[in-house]
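# Inside the fold
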Amino acid sequence: MEETEGDAGKAKEVDAGAEAGGLATLLVSCAYSLPLQTPSVSALTLGVESRAPRETHGGFAGRCVTLASRTLGRDLDMALECAASNESDK
C-alpha cells in the first residue's frame, strides 16, 4: 500500500491476522475471548516458539505479541471513538 501526500497524517492499515499467520491468530483470539485460559494459551505460544522448527515457526511468540497489541489497540480505538461520538450527541 503506497502512502500519498493526502494520507501522510493517517495511520497505515495493516491486516495483523494475515501478517501473524493462522495459528497465531487462533491463539490470540482464544487469549482475548477466553480470559481464564490465558495461562494455557501463553504456555502453548511459548511451546510453539521453543519446539517448532525455526524454518516454519521462527519468531512465533513475537508475532503473537504484535497481533495481541494491535488487537488491543483496535479495541481501544473503537471504544474511544464510540465514547467520543456519544459525548458529541449530547
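Residues numbered from 1 in each chain as written. Predicted model: local features only at pLDDT ≥ 70, side-chain atom pairs only at ≥ 80, totals over all residues. Heavy atoms only, no water.

### Considerations on the confidence of the model for the protein chain
Taken as a whole, the protein chain shows an average pLDDT of 80; of its residues, 78% reach a score of 70 or greater. Mean pLDDT per element in the protein chain: helix α1 (residues 16–20) is the minimum at 81, and helix α4 (residues 54–57) is the maximum at 90. (pLDDT = per-residue confidence, 0-100. Helix = DSSP H or I, 4+ residues; strand = E, 2+ residues; numbered from the N terminus.)

### Focus: the side chain of T71
Note that T71 resides in helix α5 (residues 60–89). The class of T71 is buried, set by a relative accessible area of 11%. If sequence neighbours within four positions are ignored, T71 has contacts with V28 and Y32. (Buried < 20%, exposed > 50% of the residue type's maximum accessible area, 1.4 Å probe, protein only. Contact = heavy atoms within 4.5 Å.)

### Overview of the environment of R63
Here R63 shows up in helix α5. Classification of R63 as partly exposed rests on a relative accessible area of 24%. Between the alpha carbons of R63 and G17 there is a distance of 9.5 Å; along the sequence they are 46 residues apart. Reaching out from R63, the side chain makes a polar contact with the backbone oxygen of A20 at a distance of 3.1 Å. (Polar contact = N/O pair within 3.5 Å; in protein donor to acceptor, adjacent residues only side chain to side chain.)

### Quick notes on the side chain of T45
With respect to the helices and strands, T45 occurs in helix α3 (residues 38–51). Judged by its relative accessible area of 11%, T45 is buried. Every residue in contact with T45, bar those within four places of it in the chain, is listed here: L27, F60, A61 and C64.

### Observations concerning the environment of L72
Its location among the elements puts L72 in helix α5. Residue L72 is classed as exposed on the basis of its relative accessible area, which comes to 53%. Measuring from C-alpha to C-alpha, the distance between L72 and Y32 comes to 9.0 Å, with 40 residues separating the pair along the chain.

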